[in-house]
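Below are the chains, spelled out letter by letter.
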Amino acid sequence: SGTCTMTLTPQNISDINSVAVSAENGCIAAGNDLGNVTVWDEKGENRVLLTSGTTSGCTSVAFSPNGSHVYAGFDDHVLRGWEVESGKQVIEIKHTTRVSSIAASPDGERLAVGLWSGEVRVMSAGPPSTIPSRASREENLVDNKKPVGE
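Everything numeric here is computed off the predicted structure, so don't read it as measured data. (Residues numbered from 1 in each chain as written. Predicted model: local features only at pLDDT ≥ 70, side-chain atom pairs only at ≥ 80, totals over all residues. Heavy atoms only, no water.)

K.L.:
Give me unusual backbone geometry: which residues, what numbers.
P.N.:
Glycine aside, the phi torsion of most residues is negative, and most peptide linkages are trans. At His 77, a residue that is not glycine, the phi angle is positive and equals roughly 80°. Looking at where His 77 falls in the secondary structure, it is placed in the loop between strand S6 (69-74) and strand S7 (78-83). Given the relative accessible area of 24%, His 77 is considered partly exposed. (Helix = DSSP H or I, 4+ residues; strand = E, 2+ residues; numbered from the N terminus. Buried < 20%, exposed > 50% of the residue type's maximum accessible area, 1.4 Å probe, protein only.)

In structure tokens form, the structure reads like this:
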């Protein structure tokens with residue numbers, strides 16, 4: 001116990017801020033200060049680099065329960081999500097402050113998002129094939145009635 005069994009190095013080396021392991025398929029994700037999310041298969045092979053399109057640091061990563069999607073929070077206040085297999089971005093939600101943590105519900109229907117403002121926002125994970133529009137984000141209200149993403 002405590003023995004290192006694998007060392008994984010992202011393509012773009014920078015401080016790693018968050019890691020996650022999919023309980024379903026064993027994939028491993030890491031988010032770094034350069035704003036990149038890297039996903040490896042359970043053997044540490046077949047690396048997929050998911051670029052956020054920003055130089056803002058990645059603060060948190062989490063998998064959907066079935067391991068098909070990975071979500072990441074960033075210093076630029078945005079939560080992004082991708083299909084693991086294709087690398088296609090499927091969700092982008094702007095918040096008012098930095099996203100500091102993310103967790104998916106066991107059924108994959110909701111995401112809990114911790115923010116630097118001290119709030120935890122619980123929102124629909126949304127249909128996995130579309131990026132929610134501003135209108136759909138405004139319909140998804142949290143308990144204190146603030147529109148998610150605003």
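K.L.:
Please set out the confidence of the model for the protein chain residue by residue, giving values where relevant.
P.N.:
Counting all residues, the mean pLDDT for the protein chain is 81, and 82% of those residues have values of 70 or more. The low-confidence segment residues 128-150 (pLDDT under 50) makes 42 contacts with residues lying over four places distant or belonging to another chain. (pLDDT = per-residue confidence, 0-100. Contact = heavy atoms within 4.5 Å.)

K.L.:
Please set out the packing of aromatic side chains residue by residue, giving values where relevant.
P.N.:
In the structure shown here, the tally under the stated rule is one aromatic pair. Look at Phe 74 and Trp 82: their rings are 6.5 Å apart centre to centre, the planes differ by 75°, and that puts the pair in the edge-to-face class. Positioned above the aromatic ring of Phe 74, the side-chain terminus of Arg 80 is 4.8 Å from the ring centre. (Phe/Tyr/Trp six-rings, centres within 6.5 Å; stacked < 30°, edge-to-face > 60°. Lys NZ or Arg CZ within 6 Å of the ring centre and 35° of its normal.)

K.L.:
Give a description of the sheet that holds strand S9 (residues 99-104) that names residues and reports values.
P.N.:
With respect to topology, three strands assemble into an open sheet ordered S9-S10-S11, the strand pairing being antiparallel. At either margin of the open sheet sits one strand with a lone partner, and together these are S9 and strand S11 (120-124). The sheet shows a mean angle of 25° between the axes of neighbouring strands, direction not considered. Pairing analysis gives five bridges linking S9 to strand S10 (residues 110-115), with the strands arranged antiparallel. When the sheet's bridge partners are listed, Ser 101 is paired in S10 with Gly 114. (Pairing = 2+ DSSP bridges. Axes fitted to C-alpha atoms, helices over the stretch in contact; angles between N-to-C directions.)

K.L.:
Please set out the environment of Thr 51 residue by residue, giving values where relevant.
P.N.:
Along the chain, Thr 51 falls in strand S4 (residues 48-51). The partly exposed category is assigned to Thr 51, whose relative accessible area is 46%. A sequence separation of 14 residues divides Thr 51 from Val 37, and the C-alpha atoms of the two residues are 6.3 Å apart.

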